[in-house]
Amino acid sequence: MELSTLLNREFLGNTLLSWLIAAAVFVAVFAALKILRRILLGRFTRLAERTTTGIDDLVADLFRHTHGWFVLLVALGAASAPLTIPPNMQRYIRMLLGAGVIVQLMIWGNTAINGWMKRQSALREGALGTLTAIAFMARLALWAVLLILLLDNFGLKVTTLLGALGVVGIAGALAAQSVLGDLFAAISIFLDKPFEVGDFIVFDGLSGSVRGVGLRSTRINAIGGEQIIVSNSDLLKSRISNYKRMAERRVAFQIGVVYGLPRDVVAEIPALIRSAVEDQEQVRFDRSHFKGYGASSLDFETVYYVLSPDYTLYMDIQQAINLGILRRFEEKNIGFAFPTRTVIVEQTAVADRSSGATKDGIGDAQRERAAPIQ
């Protein structure tokens, strides 16, 4: 029997040559994909060990979770191209390949979510609850979409199912809108990062260090020692001042000196204050001016910056500045002003309406200056 005659013999509706070509395609595709997977997995694994980014780690995990059965299905699909297959069989093959791709996508998606959660939990202490909720919602959305695609792949009508899921979702959202509001607020805090665990924040007149961000509420350790628990949605509606992220602290303070000082002494006061500020470390002097005339004092305003957000350091520096100003003012005989009040009492002659006589002892105007009131 000649070779050409043998190759043209039909088996199951295809010639032997077609079967041999399909087998060669299967072996080539399967071997190529397995070799490519191994090469890329090794390369990205080595790259992940040398870098701190998460992209190479994610790609390595995706290759690591690419299963052999998926490669086999892809090779079988490629091998079926040269063959003449009945329409019903082609439909089953497409359904099998589609199901395999969807399942593999589900595995890849779950791997990506796990890798992201692992990386974020290492970077953000105290956010495990929020991370778990985000991961759960991401998995739920992923599985819902892929399940619908899988059902559609098998020829099932999913329109009715989508409508039912929409109605159930709306009803559930309306019933638990407050809880969902706090949950989405927690996700917003996690993604937008207005504050993190350990930050010192001030909101609605309250202040303290953030202890933890939960799914429904945020716990804050107040300065007084008590713990403040506030819902996430209420917290995001407030104006939040985050002092942990303050690079430097701006300080403005005022002092007043007594009236009656010579003009040259008054002109020298800003320089005296400046020298007291610049004597300190970790400060940057901005300005000091004779601001205006107060009710009982000549007012001076000074602004400087502490090059650290540390509140204790700021108080130490301000105390040293105050002592330095006090020493310099004592050397120059400059007095600090305090509130004073002058009371004038005037007594005049009072006529006795009944007799027309003037009362003894009253006739001269008397003025009394009250002592200063501190």
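Above this note sits the structure.
Per chain, residue numbering runs from 1 following the sequence as it is written. Totals for whole chains, interfaces and linings use all residues, but because this is a predicted model, local features are given only for residues with pLDDT of at least 70 and pairs of side-chain atoms are given and counted only at 80 or more. Just so you know, side-chain values use all the structure's heavy atoms and leave hydrogens and water out.

(A) Region of interest: the overall build of the protein chain. A run of DSSP states H or I qualifies as a helix once it reaches four residues; a run of E qualifies as a strand once it reaches two. Both are numbered from the N-terminal end. Summing up its helical and strand segments, the protein chain has 11 helices and 10 strands in all. Across the 374 residues that make up the protein chain, the buried fraction comes to 29%. For this analysis, residues touch if any pair of their heavy atoms sits within 4.5 Å. The long-range share in the protein chain, meaning contacts at least 24 apart out of those at least 6 apart in sequence, stands at 61%. Using a 1.4 Å probe, accessible areas were evaluated by the Shrake-Rupley method; residue-level cover was limited to the displayed protein chains. Entry remark: accessible area of the protein chain is about 24200 Å², with carbon and sulfur atoms responsible for 60%. Relative accessibility thresholds used throughout: buried, under 20% of the residue-type maximum; exposed, over 50%; partly exposed, between the two (1.4 Å probe, protein chains only).

(B) Seen up close, the pattern of salt bridges. By definition here, a salt bridge exists when the distance from a side-chain nitrogen of Lys or Arg to a carboxyl oxygen of Asp or Glu is within 4 Å. What the rule picks out here adds up to 10 salt bridges. A salt bridge links Glu 278 to Arg 274; the shortest N-O distance between them is 2.8 Å. Of this pair, Glu 278 and Arg 274 both sit in helix H10 (residues 263-278), 4 residues apart, which is roughly one turn of the helix. Residue classification places Glu 278 among the partly exposed positions, given a relative accessible area of 44%. Exposure remark for Arg 274: the relative accessible area of 42% places this residue in the partly exposed category.

(C) How the structure looks around the sheet that holds strand S10 (residues 298-306). Should DSSP find at least two bridges between two strands, the strands are taken to pair. With antiparallel pairing, the 3 strands of this open sheet are ordered in space as S8-S10-S9. Sheet topology places strand S8 (249-257) and strand S9 (283-293) at the edges, where each strand pairs with a single neighbour. Neighbour-to-neighbour, the strand axes of this sheet turn through a mean angle of 20 degrees, independent of strand direction. Summarising the sheet, S9 and S10 pair through 9 bridges and their orientation is antiparallel. Note on S10: the bridge partner recorded for Gly 292 is Asp 299. Note on geometry: axes are lines fitted to C-alpha atoms, helical ones only across the stretch in contact, with angles between N-to-C directions running from 0 to 180 degrees.

(D) Structural view of the sheet that holds strand S7 (residues 240-242). Across the sheet, 5 strands lie side by side as S6-S5-S4-S3-S7; this open sheet has antiparallel pairing. Edge positions in the sheet fall to strand S6 (227-231) and S7, since each has one partner strand and no second. Between one strand and the next, the sheet's axes are offset by a mean angle of 40 degrees, whatever the strand orientation. With 4 bridges joining them, strand S3 (residues 200-203) and strand S4 (residues 206-213) adopt antiparallel strand pairing. The residue bridging Val 202 from the neighbouring strand is Ser 207, located in S4.

(E) Inspection of the environment of Ile 223 at higher detail. Inspection of the secondary structure assignment puts Ile 223 in the loop between strand S5 (217-222) and S6. Ignoring sequence-local partners within four residues, the contact set of Ile 223 consists of Phe 200 and Ser 207.

(F) The packing of helix H2 (residues 16-50) against helix H4 (residues 68-79), seen in detail. Two numbers describe how H2 lies on H4: the axes approach to 8 Å, and their chain directions differ by 145 degrees. You can see that H2 and H4 cross each other, and the crossing is right-handed. Along its contact with H2, which presents Ala 22, Val 25, Phe 26, Val 29, Phe 30, Leu 33 and Lys 34, the element H4 presents Gly 68, Val 71, Leu 72, Val 74, Ala 75, Leu 76, Ala 78 and Ala 79. A per-class count over the contact of H2 with H4 returns 13 nonpolar, 1 polar and 1 charged. The crossing is said to be left-handed when, going from far helix to near helix, the turn is anticlockwise and less than a right angle, and right-handed when the turn is clockwise. In the scheme used here, Gly and all other residues not listed as nonpolar or charged are polar, with Ala, Val, Leu, Ile, Met, Phe, Trp, Tyr, Cys and Pro taken as nonpolar and Asp, Glu, Lys and Arg as charged.

(G) How the structure looks around the side chain of Ser 238. Residue placement: Ser 238 occurs in the loop between helix H9 (232-237) and S7. Here Asp 204 takes part through its side chain, which lies 2.8 Å from a polar atom of the side chain of Ser 238. Excluding residues that lie within four positions of it along the chain, Ser 238 makes contacts with Phe 203 and Asp 204. Residues adjacent in sequence count toward polar contacts only when both atoms are side-chain atoms; beyond that, a polar contact is any pair of N or O atoms within 3.5 Å, and within protein one must be able to donate a hydrogen and the other to accept it.

(H) A nonpolar patch on the surface, seen in detail. Residues enter a patch when their relative accessible area is above 30% and they make no salt bridge; the linking distance is 9 Å between like charges and 5 Å between nonpolar side chains (Val, Leu, Ile, Met, Phe, Trp, Tyr). Taken together, the side chains of Tyr 259, Phe 290 and Tyr 293 make up a nonpolar region of the molecular surface, amounting to roughly 360 Å² of accessible area. Along the polypeptide, Phe 290 turns up in strand S9. A relative accessible area of 33% places Phe 290 in the partly exposed class.

(I) Local environment of the side chain of Ser 288. Tracing the sequence through the fold places Ser 288 in strand S9. At 3.0 Å, the side chain of Ser 288 forms a polar contact with the side chain of Thr 302. Excluding anything up to four places from it in sequence, Ser 288 contacts Pro 270, Ile 273, Glu 301 and Thr 302.

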